[in-house]
Amino acid sequence: MRFRAKIVDLACLNHFSRIINTVAKLAKTCILRLTVCKLYFILSDKVANGGASMWCELSQGNFFDEFQMEGVAAEHNEIYLEFVPENLWRALKTAQNAKAVKIKLTNKHCPCLRVAVELPSLSSSSRIVTHDIPVGVIPRRMWNDFREPSVPDFDVSIYLPVLKTMKSVVERMKNLSNFIVIEANLSGEMNLKIETDLVSVTTHFKDLGNPPWASEDGCQSSAQGRDLESMAEACIDIKKLLQLLAGQQVNPTKALCNIVHKRIVHFILLHEEVSLQYFIPAVA
């Protein structure tokens with residue numbers, strides 16, 4: 001099992017660092033899945049326990065100048081590692097004007113991702129700062145626990161308003177309640193509501209637009225035949241929503257949300273070569 005990669009382009013490095021920062025804000029620990037073409041960052045708190053889950057994928061070719069890996073076996077050419085994304089982000093933060101960054105899977109005393117940052121120096125010799133980030137290797141028998149979550153059979157799918165605007169609304173609401181209701185319909189309308197014994201506050205968004213979705217097997221989701229005005233809603237943990245909105249470093253070109261009535265809210269953020277999915281289960 002081997003992995004080594006190198007980033008030389010500074011813009012790619014900074015973009016990669018921003019993605020890791022976003023992941024770190026959503027997950028204290030997560031799984032890094034490496035394949036020949038892609039990297040995946042996976043958080044699968046069991047939804048049954050009320051945990052959120054995340055699936056972030058990016059094509060390695062858009063970030064790395066060199067990328068070599070050998071998986072656990074020829075027919076399973078993948079590697080699954082558990083690690084703390086905050087540690088990787090801190091290592092990359094030291095590389096803001098680096099000449100190159102090399103990342104390598106090593107195993108001296110324990111398995112580590114070694115991040116070697118080559119910094120510019122005045123003399124001919126270069127300065128290299130090395131960070132060793134401990135990782136846990138996930139055995140093959142557990143890989144199925146980290147498969148891509150399926151897109152739920154949603155009632156409503158809608159584009160999100162500007163995330164900065166949404167964030168400032170949710171931040172104000174957070175002081176009043178631990179829970180927020182997101183409701184939306186197929187006429188491009190979305191409301192964010194909190195209701196407590198003392199106060200009820202609603203923010204309305206309109207003309208957001210609804211994506212032209214069809215589910216995988218070619219038939220529409222349960223949104224088909226639905227009354228365009230009728231709202232689907234889910235009450236979710238406001239802190240989890242704020243984590244997603246506050247953690248956004250990548251400025252998505254498309255952001256949308258699918259609601260399964262009273263069950264789950266599924267966010268999809270797309271930015272050129274990166275896609276991030278985030279699932280927040282509804283609270284009863």
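About the cut-offs
Residues numbered from 1 in each chain as written. Predicted model: local features only at pLDDT ≥ 70, side-chain atom pairs only at ≥ 80, totals over all residues. Heavy atoms only, no water. UniProt positions renumbered as here; feature names shortened; annotations may be inferred. Helix = DSSP H or I, 4+ residues; strand = E, 2+ residues; numbered from the N terminus. Domains from an automatic or database assignment. Contact = heavy atoms within 4.5 Å. Buried area = accessible area lost by both parts, 1.4 Å probe. Salt bridge = Lys/Arg side-chain N within 4 Å of Asp/Glu carboxyl O. Polar contact = N/O pair within 3.5 Å; in protein donor to acceptor, adjacent residues only side chain to side chain. Nonpolar A, V, L, I, M, F, W, Y, C, P; charged D, E, K, R; others polar.

Under an unreviewed UniProt entry, the name given to the protein is Checkpoint protein HUS1, and the source organism is Loxia curvirostra. For the record of the protein, the UniProt heading Sequence similarities (unreviewed entry) holds the text "Belongs to the HUS1 family."

**Observations concerning unusual backbone geometry**
You will see that Asp207, though not glycine, has its phi angle at about 60 degrees, which is positive. Its place among the elements puts Asp207 in the loop between strand S14 (200-205) and strand S15 (232-237).

**So, the domain arrangement of the protein**
Domain annotation of the protein identifies domain 1 (2-145) and domain 2 (156-217 + 226-281). For domain 1 and domain 2, the distance between their C-alpha centres works out to 29 Å. Taken together, the contact pairs 20 residues of domain 1 with 17 residues of domain 2. Between domain 1 and domain 2, the buried area comes to about 1,700 Å², and carbon and sulfur atoms account for 61% of it. It is Thr22, Lys25 and Leu26 in domain 1 that bury the most area against domain 2; as a group they hold 29% of the surface buried on that side. One can count zero salt bridges joining domain 1 with domain 2. Inspection of the region where domain 1 meets domain 2 yields six residue pairs in polar contact (both at pLDDT 80 or more). Of all the secondary-structure elements, those providing two or more residues to the side of domain 1 that touches domain 2 are helix H1 (10-26) and strand S4 (53-59). Considering only residue class, the side of domain 1 that touches domain 2 consists of nine nonpolar, eight polar and three charged.

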